[in-house]
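Single-letter residue listing:
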Amino acid sequence: MKTLGLLAVGMAGLVSAGCAGHKSAAATPAASGAPQAAAIHAPTSDTEQVQAYDLHRSGKPDVWVYSVTTQDASGKSVERRVRKEADLNGDGKVDIVYWFDADGQVTRETMDLDFDGKVDDTLFFEKGKKIRSEKDLDGDGRVDTWSYYDGSEKLVRKERDVKGTGKVDYWEYWEAGAIDRIGEDLDGDGQVDRWTKGAEAATAK
Ligand SMILES: [Ca+2]
Ligand SMILES: [Ca+2]
Ligand SMILES: [Ca+2]
Ligand SMILES: [Ca+2]
């Protein structure tokens, strides 16, 4: 039994290596173990202060700015903004959250697009540029679509868990703003079984 277990682990390693081998699939946060959807609103932590704003002048707040008190280089006490929440549809509940690093740049944006209180779209940024997004398109609480961008916000690859197994089974490779090729895993082993050229995929539609 022990041998079988080891074998299974070995196989899983091979499979992921196989996917990664095809054009540097940069540290993919594997579809397996995808966390259940997080609540869009996180309560104020002990170290945070929150300031509410009524930007739409509706009489209720629609933007909340969270900050912490830290020290600047000279040891002076300064307020640092850590996240900002906004209510976009006026129901008093948070729909989008911006997270900031120490330099004040956005590192992450979380969104609740279907207004159920749970995150279904997350954007990740590096040096102010979008590098990755994770979406739960079918609303089951699990991420099913991953998009990867080059350093200048150009889409280079999209991966999807179409069959809802928790594993990627569809890969779209983008070049110069168009789909270059599509890979599909038909038998569920995590390996591409069919490639379609982007041009063929476009004419088939
Ligand atoms: Ca709202
Ligand atoms: Ca949601
Ligand atoms: Ca999903
Ligand atoms: Ca396959």
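In this report, we go over the structure that sits alongside the text.

Conventions adopted
- Residues numbered from 1 in each chain as written.
- Chains lettered and ligands numbered in written order.
- Predicted model: local features only at pLDDT ≥ 70, side-chain atom pairs only at ≥ 80, totals over all residues.
- Heavy atoms only, no water.
- Salt bridge = Lys/Arg side-chain N within 4 Å of Asp/Glu carboxyl O.
- Helix = DSSP H or I, 4+ residues; strand = E, 2+ residues; numbered from the N terminus.
- Donors = N, O, S within 2.8 Å, 3.2 Å for Na, K, Ca; no water.
- Buried < 20%, exposed > 50% of the residue type's maximum accessible area, 1.4 Å probe, protein only.
- Pairing = 2+ DSSP bridges.
- Axes fitted to C-alpha atoms, helices over the stretch in contact; angles between N-to-C directions.
- Phe/Tyr/Trp six-rings, centres within 6.5 Å; stacked < 30°, edge-to-face > 60°.
- Lys NZ or Arg CZ within 6 Å of the ring centre and 35° of its normal.

Digging into the pattern of salt bridges
Part 1 of the argument: Considering all chains together, one arrives at 9 salt bridges under this definition.
Part 2 of the argument: Measuring nitrogen to oxygen at the nearest pair gives 2.8 Å for the salt bridge that ties Asp 180 to Arg 181.
Part 3 of the argument: With a shortest N-O distance of 3.8 Å, Lys 197 and Asp 180 are connected by a salt bridge. Here the residue Lys 197 occupies a position in strand 12 (residues 194–197), and Asp 180 occupies one in strand 11 (residues 178–184), the gap between them amounting to 17 residues.
Part 4 of the argument: Through salt bridges that share partners, Glu 175, Asp 180, Arg 181 and Lys 197 make up one connected network.

Remarks on the coordination of the calcium ion (ligand 4)
Part 1 of the argument: The protein atoms that coordinate the calcium ion (ligand 4) are Asp 185 (OD), Asp 187 (OD), Asp 189 (OD), Gln 191 (O), Asp 193 (OD) and Asp 193 (OD), at distances of 2.2 to 2.6 Å.
Part 2 of the argument: All donor residues of the calcium ion (ligand 4) come from one chain, and their arrangement in sequence is D-x1-D-x1-D-x1-Q-x1-D.
Part 3 of the argument: Given the relative accessible area of 53%, Asp 187 is considered exposed.
Part 4 of the argument: On the basis of relative accessibility, which here comes to 34%, the residue Asp 189 falls in the partly exposed class.

Side note on unusual backbone geometry
Part 1 of the argument: Phi angles above zero are rare outside glycine, and Arg 57 is one such case at about 50°.
Part 2 of the argument: Mapped onto the secondary structure, Arg 57 falls in the loop between strand 1 (48–53) and strand 2 (63–71).
Part 3 of the argument: The exposed category is assigned to Arg 57, whose relative accessible area is 75%.
Part 4 of the argument: The phi dihedral of Ala 176 falls on the positive side, at around 50°, and the residue is not glycine.
Part 5 of the argument: Within the secondary structure, Ala 176 is located in the loop between strand 10 (170–175) and strand 11.
Part 6 of the argument: Since its relative accessible area comes to 79%, Ala 176 is described here as exposed.

Concerning the coordination of the calcium ion (ligand 2)
Part 1 of the argument: Protein coordination of the calcium ion (ligand 2) is provided by Asp 112 (OD), Asp 114 (OD), Asp 116 (OD), Lys 118 (O) and Asp 120 (OD), with donor distances spanning 2.1 to 2.4 Å.
Part 2 of the argument: Judged by relative accessible area, Asp 116 falls into the partly exposed class, the value being 45%.

Some thoughts on the environment of Gly 104
Part 1 of the argument: If you trace the backbone, Gly 104 turns up in the loop between strand 4 (96–100) and strand 5 (106–111).
Part 2 of the argument: With 24 residues separating them along the chain, Gly 104 and Arg 80 place their C-alpha atoms 7.9 Å apart.

A few points about the pairing of strand 4
Part 1 of the argument: Of the strand pairs in this sheet, strand 3 (residues 77–86) and strand 4 are connected by 4 bridges, and their pairing is antiparallel. Bridging from a neighbouring strand, Lys 84 pairs with Tyr 98 of strand 4.
Part 2 of the argument: Looking at chain direction, strand 4 and strand 5 are connected through 5 bridges and run antiparallel. Residue Phe 100 lies in a different strand from strand 5, and its bridge partner there is Val 106.

Focus: the sheet that holds strand 9 (residues 155–160)
Part 1 of the argument: With respect to topology, 12 strands assemble into an open sheet ordered 1-2-3-4-5-6-7-8-9-10-11-12, the strand pairing being antiparallel. Because the sheet does not close on itself, it has two edges, and the strands there are strand 1 and strand 12. Taking each pair of neighbouring strands and ignoring which way they run, the sheet shows an average axis angle of 20°.
Part 2 of the argument: Taken together, the 4 bridges between strand 5 and strand 6 (residues 121–126) define a ladder with antiparallel strand orientation. Paired with Met 111 across the bridge in strand 6 is Asp 121.

A short note on the packing of aromatic side chains
Part 1 of the argument: Within this structure, the stated rule accounts for 1 aromatic pair.
Part 2 of the argument: For the ring pair Tyr 173 and Trp 195, a centre distance of 6.1 Å and an interplane angle of 45° mean the geometry is tilted. In this pair, Tyr 173 is assigned in strand 10 and Trp 195 in strand 12, connecting sequence segments 22 residues apart.
Part 3 of the argument: When its relative accessible area of 4% is taken as the criterion, Tyr 173 is described as buried.
Part 4 of the argument: Trp 195 sits in the partly exposed class, given a relative accessible area of 40%.
Part 5 of the argument: The ring of Trp 99 has Arg 108 sitting right over it, with the charged end atom 4.4 Å from the ring centre.
Part 6 of the argument: The ring centre of Phe 124 lies 4.1 Å from the NZ or CZ of Arg 132, which sits over that ring.

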